[in-house]
Amino acid sequence: MKNEKLKLISEEGIRIDGRKLEELRPLRIEIGVLDKSDGSAYVELGKTKIFAAVFGPREVHPKHLALPDRAILNCRYHMTSFSVDERKPLGMTRREIELSKVIREALESVVFLEEFPRTSIDVYVEVIQADGGTRTAGLTAASLALAEAGIPMADLVAAVAVGKVEGHLVLDLCDIEDKYGEADMPIAMAPRLNSIVLLQLNGRLTKEEFRKALELAKKGIMEIYQKQRDALRKKYSEVSLMEV
Ligand code: UDP
């Protein structure tokens, strides 16, 4: 519901958190942050904070679920109960089950599952703090955790939400913009392949707005993709220096 008193964008085109319309929130990426998983990553986009952990390829339990020609990709997107203002119920909500599915489908577009028949690859996305854009930041983190686990992929997945707020197209919506804006469109891409692996739209956009929003998302995604690659490069150059 629209809140009439709330002004989300100033006359000068500055957003409620001080950003310009086409500006991402401050992005922090770290790789190899957890000891017990095969691959892990931490992504912070403004106040949204997410860990991703990957296990596998490993034996499938129960065994009869194993597929003879490829690995099973399991994904679990979960929000901690303290990640949101209104305490989220324990256990998996319908929203979390749906987001686990869309994240899995996006990752299945890039992971070479056929290289690991009869195994499972398990991806956990754990939202520690939510302020909008958790499915997209979760995907950005999950693809890095897969890369760190050494899982062969056609590309990384980088993702961001774009949307319409008070008539303006904006990049990387925060929670309040997501809630009170007119439209919210999360997009994930495999940028090197120029392929869209997730696109959802909540609200309405004209054809022209949709085209512009897609261009804006691509711009944000390329920025995120560059930072993902920098984080991977930093991690492995540190490892190779340690080996010298
Ligand atoms: N949110 C919340 N409680 C919930 C689910 C979501 O407060 O149970 C907030 C949270 O900040 C989240 C935002 O609403 O990031 C937008 O949620 P949405 O379902 O659009 O997914 P997201 O944008 O996080 O991918």
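Before reading on, note that the structure itself is shown above.
Just so it is clear, the model here is predicted, and its values are computed rather than measured.

1. Overview of the site of the ligand
Moving on, step 1. Residues in close proximity to the ligand total 13 residues, the closest being Arg95, Gly132, Gly133, Thr134 and Arg135.
Moving on, step 2. Note that an oxygen atom of the ligand is positioned 3.2 Å from one of the side-chain N or O atoms of aspartate 175.
Moving on, step 3. Considered on its own, the ligand offers 500 Å² of accessible surface; in the complex 78% of this is hidden by protein.
Moving on, step 4. Put simply, the parts of the chain that give the shell around the ligand at least two residues each are α2 (134-148) and α3 (175-180).
Moving on, step 5. The dominant element in the shell around the ligand, judged by the number of residues it contributes, is α3, at three residues.

2. Focus on the nonpolar core
Moving on, step 1. Core analysis: the largest hydrophobic core is formed by 64 residues, its most contacted members being Leu107, Ile121, Val123 and Leu146.
Moving on, step 2. Sort the elements by how many residues they give to this core and helix α4 (residues 207-243) lands first, with nine residues.
Moving on, step 3. With sequence-adjacent residues up to four places away left out, valine 123 is seen in contact with Ala53, Val54, Leu73, Asn74, Cys75, Arg76, Leu107, Ala142 and Leu146.
Moving on, step 4. Within the second largest apolar cluster, six residues are counted, among which are Leu8, Ile9, Ala161 and Leu173.

3. Structural notes on helix α1 (residues 94-108)
Moving on, step 1. Its 15 residues give α1 an end-to-end C-alpha distance of 21 Å, which sits within 8% of 21 Å, the value for a rise of 1.5 Å per residue.
Moving on, step 2. Turning to α1, its buried residues are Glu96, Leu99, Ser100, Val102, Ile103, Ala106 and Leu107.
Moving on, step 3. Looking at the buried side of α1, the elements it contacts are β4 (72-79), β5 (119-129), α2 and β9 (195-199).

4. Quick look at α2
Moving on, step 1. Helix length check: α2, at 15 residues, gives a terminal C-alpha distance of 21 Å against a target of 21 Å (1.5 Å per residue), a fit within 8%.
Moving on, step 2. Of all 15 residues in α2, 13 are buried; the element is thus mostly enclosed.
Moving on, step 3. Glycine 150 sits one or two residues past α2 and shows a positive phi near 80 degrees.

5. Overview of the pattern of salt bridges
Moving on, step 1. Enumeration over the complete set of coordinates arrives at 21 salt bridges.
Moving on, step 2. Taking the shortest distance from any N to any O, the salt bridge between lysine 63 and glutamate 59 comes out at 3.6 Å.
Moving on, step 3. The class of glutamate 59 is partly exposed, set by a relative accessible area of 47%.
Moving on, step 4. Between glutamate 96 and lysine 88 there is a salt bridge, with the nearest N and O atoms lying 2.9 Å from each other.
Moving on, step 5. Of the residues examined, lysine 88 reaches a relative accessible area of 9% and is grouped as buried.
Moving on, step 6. Taken together, the shared-partner salt bridges connect Arg15, Asp17, Arg19, Arg25, Asp131, Asp172 and Glu177 into one network.

Calculation rules
- Residues numbered from 1 in each chain as written.
- Predicted model: local features only at pLDDT ≥ 70, side-chain atom pairs only at ≥ 80, totals over all residues.
- Heavy atoms only, no water.
- Near = heavy atom within 4 Å.
- Polar contact = N/O pair within 3.5 Å; in protein donor to acceptor, adjacent residues only side chain to side chain.
- Areas by Shrake-Rupley, 256 points an atom, 1.4 Å probe, with all protein chains shown as cover.
- Helix = DSSP H or I, 4+ residues; strand = E, 2+ residues; numbered from the N terminus.
- Core = buried A, V, L, I, M, F, W, Y, C linked by side-chain atoms within 4.5 Å.
- Buried < 20%, exposed > 50% of the residue type's maximum accessible area, 1.4 Å probe, protein only.
- Contact = heavy atoms within 4.5 Å.
- Expected span 1.5 Å × (residues − 1).
- Salt bridge = Lys/Arg side-chain N within 4 Å of Asp/Glu carboxyl O.

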